[in-house]
Amino acid sequence: MFITLKPRNQRSANAQQIIARLRPKLDKVEGARLFMQAAQDVRLGGRPTRTQFEYTLQDANLAD
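Note that the structure is predicted; figures quoted are calculated from it, not measured.

**Q** How do you make sense of the overall build of the protein when you look at a structure like this?
**A** What the protein contains, in helices and strands, is one helix and zero strands. Within the protein, the fraction of its 64 residues that count as buried is 5%.

As C-alpha cells, then:
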C-alpha cells in the first residue's frame, strides 16, 4: 500500500513524524503486521521492502 502525503508546505509534520504517530495505532490491527517507511523521491529499480536499503544486481547476459 502506498500513501501520498499532502505537500510539505501544507502539513506541519515530516514523513518520519507521521509514521511515528501512526505506528502505535496500526500495531493494534489484528491479523496484520505493518512496516512503514518513507519512500524516496528517486528510485533506482527494485521494489519496496521492509528494509531500509535494497540492492539489485543485474548481469549484461540475462541468461546468467
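On we go from here.
**Q** Please explain the environment of Ala20 as it appears in this structure.
**A** Its location among the elements puts Ala20 in helix H1 (residues 15-26). A relative accessible area of 47% places Ala20 in the partly exposed class. Each C-alpha atom of the pair Ala20 and Met36 lies 9.2 Å from the other, and the pair is 16 residues apart in sequence.

**Q** Would you explain the environment of Ile18 in this entry?
**A** Looking at the secondary structure, you find Ile18 in helix H1. C-alpha of Ile18 to C-alpha of Ala38: the two residues are 20 residues apart in sequence and 9.6 Å apart in space. Excluding residues within four positions of it along the chain, Ile18 makes contact with Leu5, Arg11 and Ala13.

**Q** When you look at a nonpolar patch on the surface in this model, what are you seeing that I'm missing?
**A** Nonpolar side chains collect at one region of the surface, where Met1, Ile3 and Leu5 lie side by side and expose about 400 Å² of accessible area between them. Among the secondary structure elements, Met1 is positioned in the segment before H1.

Analysis parameters
Residues numbered from 1 in each chain as written. Predicted model: local features only at pLDDT ≥ 70, side-chain atom pairs only at ≥ 80, totals over all residues. Heavy atoms only, no water. Helix = DSSP H or I, 4+ residues; strand = E, 2+ residues; numbered from the N terminus. Buried < 20%, exposed > 50% of the residue type's maximum accessible area, 1.4 Å probe, protein only. Contact = heavy atoms within 4.5 Å. Patch = residues over 30% accessible without salt bridge, like charges linked within 9 Å, V, L, I, M, F, W, Y side chains within 5 Å. Areas by Shrake-Rupley, 256 points an atom, 1.4 Å probe, with all protein chains shown as cover. Salt bridge = Lys/Arg side-chain N within 4 Å of Asp/Glu carboxyl O.

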